[in-house]
Amino acid sequence: MLSFVERAELAEAGDSREVAAVKQRKRDVWLDTQTYASIEEPEAAIQMHHECVLGFMDAYNELLHDLVLHPVFQKPSEWASDLVLIQLKEPVVMSNKVTPIPLPERSRDLADSSEGSGVITGWGLPLPHHSNTTYFPRPIAPPVRQNMNRAPSDGRGPHVLHRTHRGRGDTDARAQDPYMTRALELMSKTPLIDGHNDLPWQLRLQFNNELNKVDLNTLETTHTNIPKIKAGRLGAQFWSAYVPCESQYKDAVRQTLEQIDVVHRMCEKYPETFMFATSSQDIMEAFNTNRTASLIGVEGGHSLDSSLATLRTMYHLGVRYLTLTHSCNTPWADNWLVDTGSEPSQHNGLSTFGKQLILEMNRLGMLIDLAHVTEAVMNQVLDMSQAPVIFSHSSAYSVCPHKRNVPDDVLLKVNQTGGIVMVNFYNDYVTCSKTAKISNVADHFDHIKKVAGAGIIGFGGDYDGVTRLPEGLEDVSKVPKVVAELLRRGWTDEEVNAALGNNLLRVLSQAEKVRDALKETRPDDVPIPYDEVKNVCRTSYGYRSAGAHHSLGAAALLLTLALQALIPLSVS
């Protein structure tokens, strides 16, 4: 006789008789059962559980009517509350093989019962005060299928089953790989914080930001969707509010505001998955409630239209970093293409207004992102910023000599100033070629650690913003493989935790301390000189004398720098 799992497999393959047979085995009752799954991922745990313990397949999700977690389900210490109620849509036919499980009264002590014998099912070890009881373990779960992987129990509770995704190259090798097992354990305790993801731009390209027409649970035309996020253990993400350089001097501000808006709407549409975040504290709150903290980074200073007021407005809308340039100069900063010789320098790094902007970002508590800028800008900012800086998606120049990557002397300065370099996965920045492997990405982590220490490293995959990714890192679900590779190379737990998220949390916290120390400083309201931004799309209302404004801005900058030198900040 076929087991329920075998019948379900036949049904999944399209056998109409078995489809009918499976559906006849349901009953409109609540099933109370332990999940035997990773409590760090409650939704994935429930999905895994009804497949593994009840024998359902993916094709039978519609058979579930409701799922209710125990109120303290997500607390790792509460194994006694590792429970979920599952309500089925259709009736179950009771038989000698399908019966209710009678539960004892709360006050009844089964250990002292002399009323007969019983059977305990599941995984784990007996409680210490029941050590004299004779146990006859009888596992009730079917054999682990190919889309499940079992990690060894630590002896303190149920085995942990990690759900993987069929058709994406994952096999039972994950469970057999102690480095992957360790990687997943570390990622359950420290949030993976990624510095750059361009899903919002893909939403504009593919759907014109009409989020109501998109289901991020089933979207398959991007590197990023909700199942991939969960499989990749993504604890926090800086979503990129990017618009092309072609919008500069035109509608860059409007388009950027629309990208900020789509991130907010994404969090509102999927509150069980995303939590909008603006601080280091928010990141940990989201992580502790099994959601992905969603922060915003604006990719490119052209999005400001050279306006400090626009910078402040975007900060109030939740933007927490600004990439100073993209692949075009702004009226106040040079971009990385200048270092390739393909574009001329306009400012020898930063202009006077560019330096004003750096100080205003420090005052706001907005992170300064140096990905995409020239080496001159990197060094100028590192010399003058009071807060640590980030490279949200750049790799090591010595490993791949691409001008988008970070040279060793700058890595050392990042270490000295407490910043972070978040490694990019784009093949062209990993191997300087069209192809790459996971080991090549790990080489960048190793090099940065060797030159400047594990304290400046992070993850900045650049998913959905690039066209070529390493073999094995095709989407965001694959990131744990990088963590496993680092462990395989001898990285300590402390070093891995630093790269996963602790480094970025420290940088963001330090920027917040600088902001708090500058809270008595007034906002800089000196505009960029009109002559530096004059074009056919810009009006001159409010400007009277460009030359006078230029001298005023320079004088104000010098005065601010002098005062800051005289009054050192205490941010420790």
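Residues numbered from 1 in each chain as written. Predicted model: local features only at pLDDT ≥ 70, side-chain atom pairs only at ≥ 80, totals over all residues. Heavy atoms only, no water.

Focus on the packing of helix H9 (residues 280-288) against helix H18 (residues 493-517)
As a packed pair, H9 and H18 sit with axes 9 Å apart at the nearest point and diverge in direction by 140°. Between H9 and H18, the crossing angle belongs to the class labelled oblique. Note on element contacts: H18 touches H9 through Leu504, Leu505, Leu508, Ser509 and Glu512, opposite Ser280, Ile283 and Met284. (Axes fitted to C-alpha atoms, helices over the stretch in contact; angles between N-to-C directions. Helix = DSSP H or I, 4+ residues; strand = E, 2+ residues; numbered from the N terminus. Parallel < 35°, antiparallel > 145°, perpendicular 65-115°, else oblique. Contact = heavy atoms within 4.5 Å.)

Digging into the state of the cysteines
Under the definition given, this model contains two disulfides. Residue Cys245 pairs covalently with Cys328 via a disulfide, S to S 2.1 Å. The disulfide joining Cys245 to Cys328 has a torsion of about -85° about its S-S bond and is therefore left-handed. On the criterion of sequence distance, the pair formed by Cys245 in the loop between strand E7 (234-242) and helix H8 (252-269) and Cys328 in the loop between strand E10 (319-323) and helix H11 (337-340) is long-range, its members being 83 residues apart. No difference in accessibility class separates Cys245 from Cys328, as the two residues are buried. Bonded cysteines in the protein chain are paired 1-2, 3-4 when counted in the order they occur along the chain. (Disulfide = S-S within 2.5 Å. Buried < 20%, exposed > 50% of the residue type's maximum accessible area, 1.4 Å probe, protein only.)

Regarding the pattern of salt bridges
This model, assessed by the stated rule, comprises 21 salt bridges. Between Lys403 and Glu375 there is a salt bridge whose closest N-O contact spans 3.8 Å. You can see Lys403 sitting in the loop between strand E12 (390-391) and helix H14 (408-417) and its partner Glu375 sitting in helix H13 (residues 375-384), a full 28 residues away along the chain. By relative accessible area, which is 25% here, Lys403 ends up partly exposed. Glu375 sits in the partly exposed class, given a relative accessible area of 27%. One salt bridge connects Asp383 with Lys413, and the closest N-O pair in it is separated by 3.1 Å. Of this pair, Asp383 sits in helix H13 while Lys413 sits in helix H14; the two residues are 30 residues apart in sequence, bridging distant segments of the chain. Relative accessible area serves as the criterion here: at 58%, Asp383 is assigned to the exposed category. Salt bridges here are not isolated pairs; linked through shared partners, they connect Asp177, Asp443, Asp446, Glu485, Arg488 and Arg489. (Salt bridge = Lys/Arg side-chain N within 4 Å of Asp/Glu carboxyl O.)

Read these as geometric descriptors, not functional statements.
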